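# Fold and geometry: a report
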Amino acid sequence: MEGSIIFSLSLLLFFTLAQGLTNPKCSSNFHQGDKGSTLQVLHVNSPCSPLRHNAPQSWIDTVLQMQSNDQARLDLFASLVAGRSFVPIASGRQVIQSPTYIVRAKIGTPPQTLLVAVDNSNDVAWFPCSGCVGCSSTVFASDKSTTFKNVSCGAAQCRQVPNPTCGGSSCGFNLTYGGSSIAANLSQDTLTLSTDAVPSYTFGCVQKATGSSAPPQGLLGLGRGPLSFLSQTQSHYQSTFSYCLPSYKSPNFSGTLRLGPNGQPKRIKTTQLLRNPRRSSFYYVNLVGVKVGRKIVDIPPSALAFNPTTGAGTIIDSGTVFTRLVEPAYTAVRNEFRRRMGRNTTVTSLGGFDTCYTVPITIPTITLMFAGMNVTLPQDNFLIRSSSSSTTCLAMAASPADPVNSVLNVIANWQQQNHRFLFDVPNSKLGVARETCS
């Protein structure tokens, strides 16, 4: 198996929903398939995604839908604490599948292709299997694979899944994901990404699913837990990966996701990755400040402090769309943003965004200050602009008031676009470099 595998990444965000799957460019690009060590990745709700089912929406409805999606994901975070990895989560409205990126994976012998979501804040992989009640029409036919097997109740992996059950000799588990509930058997089979095969990969073979927020063809976890892809392929990829998410403006909507130390940037700014035993999957970092323009915002240190006991601190997440800052931090950043815009400008709101304008934004940059490095964001990384009107909003919000998320800062994928994020787990380093992903 190669030491590094590069995935072609395609992202189509919600403001360019003018084309459909009948677009010949979509069909041609997607069905060209994977070449060598390159795997295509699509935004799950893009016009070129085979999994897209939602009709195009107005800009306002799209923004509200993304905010609803983010809220469901933050609800999921609230459940990821020691002793109760997943608990039932209520959702007031249907959400778009989260996380937002899908990759072509092949399961079994002979291989069967599924389009699975990738998520750097989750661990256990799970795929819908034949006979599943409530799953999509595309499933993994485990009975047709010569290398498929169930994991026994006595296996170590059975103690590493959420809510394990043992109705018979094989291990099962239950979890919730956003507004969905899933029941699965813990199983093993060959997982192939492009030409790289991983034998006896442990995953959940889903037998029953309810709700609509789970990825329809399954999920591959890139978190830090014992059953994540990184942990199960540690000898091959040394628990190292990086990605660059393209801007929604990119005409080609392409970027890269690389697994393994080979091909990673050598000259890159880094900060330390922190571990929280209560949330072992998350990639915590030490955010120490924020600049609006050249002004360092006055944020109470306690709002940014890392605390493994309470779960407080800052994580890097690929599945949340818009960055959330704890209330004291967000209020300070928002107030400085408004001050820089001037008292004579009218501030409006849109859904969860409380700082919107119909005049040009005069603030050139926002800088995220981490221990050991600064990441300066251009306007495309901190503003959300209407494609049909002059409305522009600050693309950040305050963290929810629940006991878990009220102390958690989430650096989301809107703020990560057109940057290379390198996760070097063995050396406990997160690297970030500006990169045009197109």
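Nothing here was measured: the structure is a model prediction, and the numbers come from that model. (Residues numbered from 1 in each chain as written. Predicted model: local features only at pLDDT ≥ 70, side-chain atom pairs only at ≥ 80, totals over all residues. Heavy atoms only, no water.)

## Concerning the state of the cysteines
Under the convention used in this document: Cysteine sulfur pairs qualify as disulfides if the two atoms are within 2.5 Å. Starting at the N terminus, helices and strands are each numbered in turn, a helix being any DSSP run of H or I of at least four residues and a strand any DSSP run of E of at least two. Working definition: with a 1.4 Å probe on protein chains only, accessible area under 20% of the residue-type maximum means buried, over 50% means exposed, and in between means partly exposed.
The final tally for this structure, using the stated rule, is five disulfides. Paired by a disulfide, cysteine 129 and cysteine 205 hold their sulfur atoms 1.8 Å apart. Residues cysteine 129 and cysteine 205 are joined by a disulfide whose S-S torsion is about -130°; by sign, that bridge is left-handed. Taken together, the residues span a long stretch of sequence, with cysteine 129 in strand E5 (residues 126-133) and cysteine 205 in strand E10 (residues 196-210) at a distance of 76 residues. Cysteine 205 shares its class with cysteine 129; the two are buried.

## Overview of the packing of aromatic side chains
Formally: Put simply, two rings from Phe, Tyr or Trp (the six-membered ring, in Trp's case) pair if the centres are within 6.5 Å, and we call them stacked under 30 degrees between planes, edge-to-face over 60, tilted for the rest.
Considering all chains together, one arrives at 18 aromatic pairs under this definition. On the numbers, 5.4 Å between centres and 45° between planes, the contact of phenylalanine 322 with tryptophan 414 is tilted. On the criterion of sequence distance, the pair formed by phenylalanine 322 in the loop between strand E18 (313-316) and strand E19 (323-325) and tryptophan 414 in helix H6 (residues 413-416) is long-range, its members being 92 residues apart. Comparing phenylalanine 322 with tryptophan 414 shows no difference in burial state: the two are buried.

## Notes on unusual backbone geometry
Residue proline 110 is reached from threonine 109 by a cis peptide bond, and omega for that bond is -5°. Along the chain, proline 110 turns up in the loop between strand E3 (101-107) and strand E4 (112-119). If you check the backbone angles, serine 428 has positive phi at about 50° while not being a glycine. In this fold, serine 428 is placed in the loop between strand E28 (419-424) and strand E29 (429-434).

## Quick look at the sheet that holds strand E23 (residues 373-377)
Quick note on the threshold: Following DSSP output, two strands are said to pair if at least two bridges run between them. We call two residues in contact when some of their heavy atoms are within 4.5 Å. Fitted lines through C-alpha atoms serve as axes, helices being fitted only where they are in contact, and the angles separating the N-to-C directions of these axes extend from 0 to 180 degrees.
Read across the sheet, four strands follow the order E17-E16-E22-E23 without closing on themselves; strand pairing throughout is antiparallel. Looking along the sheet, the strands with just one partner apiece sit at the ends: strand E17 (295-296) and E23. With two bridges joining them, strand E16 (residues 287-292) and E17 adopt antiparallel strand pairing. Looking at E17, one finds that valine 292 is bridged to lysine 295. Across the sheet, helix H5 (residues 327-341) is in contact with E16, E17 and strand E22 (366-370); its angle to E16 comes to roughly 15°.

## What about the side chain of serine 180?
For clarity, the cut-off: Polar contact is defined as a pair of N or O atoms within 3.5 Å, subject to the rule that within protein one atom must be able to donate a hydrogen and the other to accept it, and that residues adjacent in sequence are counted only when both atoms are side-chain atoms.
Tracing the sequence through the fold places serine 180 in strand E9 (residues 180-193). A distance of 3.1 Å separates a polar atom in the side chain of serine 180 from the backbone nitrogen of alanine 214. Excluding residues within four positions of it along the chain, serine 180 makes contact with Leu175, Thr210, Gly211, Ser212, Ser213 and Ala214.

## Remarks on the nonpolar core
Threshold: Residues belong to one nonpolar core when they are buried, are Ala, Val, Leu, Ile, Met, Phe, Trp, Tyr or Cys, and are joined through side-chain atoms within 4.5 Å. For each domain, the first and last residues come from an automatic or database assignment.
Leu220, Phe229, Phe241, Ile299, Phe337, Phe382 and Leu430 are the most contacted members of the largest nonpolar core, which has 65 residues in total. The dominant element in this core, judged by the number of residues it contributes, is H5, at six residues. Looking at which domains feed residues into this core, each of domain 1 (38-50 + 84-237) and domain 2 (263-434) gives three or more. If we skip the residues at most four places from it in the chain, phenylalanine 382 touches Phe337, Ile363, Pro364, Thr365, Ile366, Leu377, Cys393, Leu394, Ala395, Met396, Trp414 and Gln415. In this structure, Cys132, Cys158, Phe173 and Leu175 belong to the second largest nonpolar core, which totals 19 residues.

## Things to note about the sheet that holds strand E20 (residues 348-350)
Sheet architecture is open: four strands sit in the order E20-E21-E25-E24, paired in antiparallel fashion. Every interior strand has two partners, whereas the edge strands, E20 and strand E24 (383-385), have only one. Strand-to-strand twist of the sheet, defined as the mean angle between neighbouring strand axes without regard to direction, takes the value 40°. When E24 meets strand E25 (residues 392-394), the two strands line up antiparallel, connected through three bridges. Bridge pairing links isoleucine 384 to cysteine 393 in E25. Lying over the sheet, H5 contacts strand E21 (353-357), E24 and E25, oriented at roughly 15° with respect to E21.

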